[in-house]
Structure formats: C-alpha cells, structure tokens
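One letter stands for each residue in the lines below.
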Amino acid sequence: MSQFFKHLPMLAFALLISMSAHAGVGVKSYREWKTEKVTQASLRVNSVKAQLDKKTDPNLAMRSKTQIEGKSPVTEKLERTLRAEQYDLELAKDLSVTDYFVGYLTKVQDKKAAFQEVAGKLSPEEVAELMTAYANSVFGAHQSDLPTSANNLPKELK
C-alpha cells in the first residue's frame, strides 16, 4: 500500500496532463511536452520496478528460496525491460526543443496555428536552439564549414 502512496503524486500529475490534452487546451509548450514525456517514461520505469519487487510479484513470493536464487525467465525479461525503460527515461530527460519541433509540432494538424501559438511560449534560449537546428538543416553544416562558393551569394540575397 505504501508503494501506491509513493507514486500518487506522479499519477495525479500524469492524469492532469492527460485531461488537459483532451480538453482542447491547445498546443503543449516545449516544457509541457518534455515534462509529459519524462513523466510517462518514469511511470513505466516504476511499473517495471514494482513488478520486480518480490512483495508485489505473487509468482516470486510463492517460490522457495532455492528457486529465487536462480533467476526465472520472467525475472530476466523484466530486468531487460527495466534497463530499456531506464534508457528511455534518460533519453526523455535529454529531449531538446528540436525534438519537440520534429516529434510533436510537425504532427499537429493545423501547423500554422500551432506554430503561432507556440511562438509566444518558447524562451529565447529555445528559439535560438530551434533557429540553429533550422539553419543547420537548411545549410547542411555550419556556415564556416560551407565551401567558399556557397558564401558567394548575389548582393540582393545577402
């Protein structure tokens, strides 16, 4: 029962995010999106950890001590799953504003309205990161890395 109360704040937060997403609140900000991704990954990690806990796994609780010493295939699978979920959690923690743009904003139906709404929600640092990613995707490299011929633009384009 203490496990339930331990995870209650995270569950409440995930529920709040889920409800606001379905209530037509609009486009999530970068911070909201990233927080949601981290929360979801964290909940998955905690779920697998709970399954590995002998107290919450009835199959392990019923086994004798000698059977537990050698890991069962189920336990090994849960441990692999836990490692994968922990890796996904670390990835979620490292999500950038570029990931937000590519992984979330470009999938919104009305992109123009979404971009306009989000434009006011981004911090100056987030805007700079997004502009850098855009410039790198357009030029394919940093300007100093481009060949000299690429820098010879007509005067009206400079």
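Residues numbered from 1 in each chain as written. Predicted model: local features only at pLDDT ≥ 70, side-chain atom pairs only at ≥ 80, totals over all residues. Heavy atoms only, no water.

Examining the environment of K93
For step 1, the next point in the chain: Examined against the element boundaries, K93 turns out to sit in helix α5 (residues 73-93).
For step 2, the next point in the chain: Placed 58 residues apart in sequence, K93 and T35 show a C-alpha to C-alpha distance of 8.4 Å.
For step 3, the next point in the chain: Once you skip the residues sitting within four places of it in the chain, K93 turns out to touch K34 and V38. (Helix = DSSP H or I, 4+ residues; strand = E, 2+ residues; numbered from the N terminus. Contact = heavy atoms within 4.5 Å.)

Considerations on the side chain of S72
For step 1, the next point in the chain: Of note, S72 is situated in the loop between α4 (65-69) and α5.
For step 2, the next point in the chain: Engagement of the side chain of S72 in a polar contact is seen with the side chain of T75, the distance being 3.0 Å. (Polar contact = N/O pair within 3.5 Å; in protein donor to acceptor, adjacent residues only side chain to side chain.)

Quick word on the pattern of salt bridges
For step 1, the next point in the chain: Applying the stated criterion across every chain yields a total of five salt bridges.
For step 2, the next point in the chain: Note that E36 and K28 form a salt bridge whose closest N and O atoms lie 3.1 Å from each other. Each of the two residues, E36 as well as K28, counts as buried.
For step 3, the next point in the chain: Of the charged contacts in the structure, one is a salt bridge between R31 and E126, with a shortest N-O distance of 3.4 Å. With R31 in helix α2 (residues 30-52) and E126 in helix α8 (residues 124-139), this residue pair connects regions lying 95 residues apart in the sequence.
For step 4, the next point in the chain: With relative accessibility at 7%, the residue E126 sits in the buried group. (Salt bridge = Lys/Arg side-chain N within 4 Å of Asp/Glu carboxyl O. Buried < 20%, exposed > 50% of the residue type's maximum accessible area, 1.4 Å probe, protein only.)

Brief notes about the packing of aromatic side chains
For step 1, the next point in the chain: The final tally for this structure, using the stated rule, is four aromatic pairs.
For step 2, the next point in the chain: Centre to centre, the rings of Y30 and Y100 are 5.8 Å apart; their planes meet at 70°, and the pair counts as edge-to-face. Of this pair, Y30 sits in helix α2 while Y100 is found in helix α6 (residues 97-103), placing the two residues 70 residues apart along the sequence.
For step 3, the next point in the chain: For Y30, a relative accessible area of 11% puts it in the buried group.
For step 4, the next point in the chain: Taking the relative accessible area as the measure of exposure, Y100 reaches 1% and is therefore buried.
For step 5, the next point in the chain: Arranged with centres 5.6 Å apart and planes meeting at 25°, the rings of Y100 and Y104 form a pair that is stacked. Of the two residues examined, Y100 and Y104, each falls in the buried class.
For step 6, the next point in the chain: Cluster of aromatic residues (ring-pair linked, three or more members): Y30, W33, Y100 and Y104. (Phe/Tyr/Trp six-rings, centres within 6.5 Å; stacked < 30°, edge-to-face > 60°.)

Distances and angles like these do not, on their own, reveal function.
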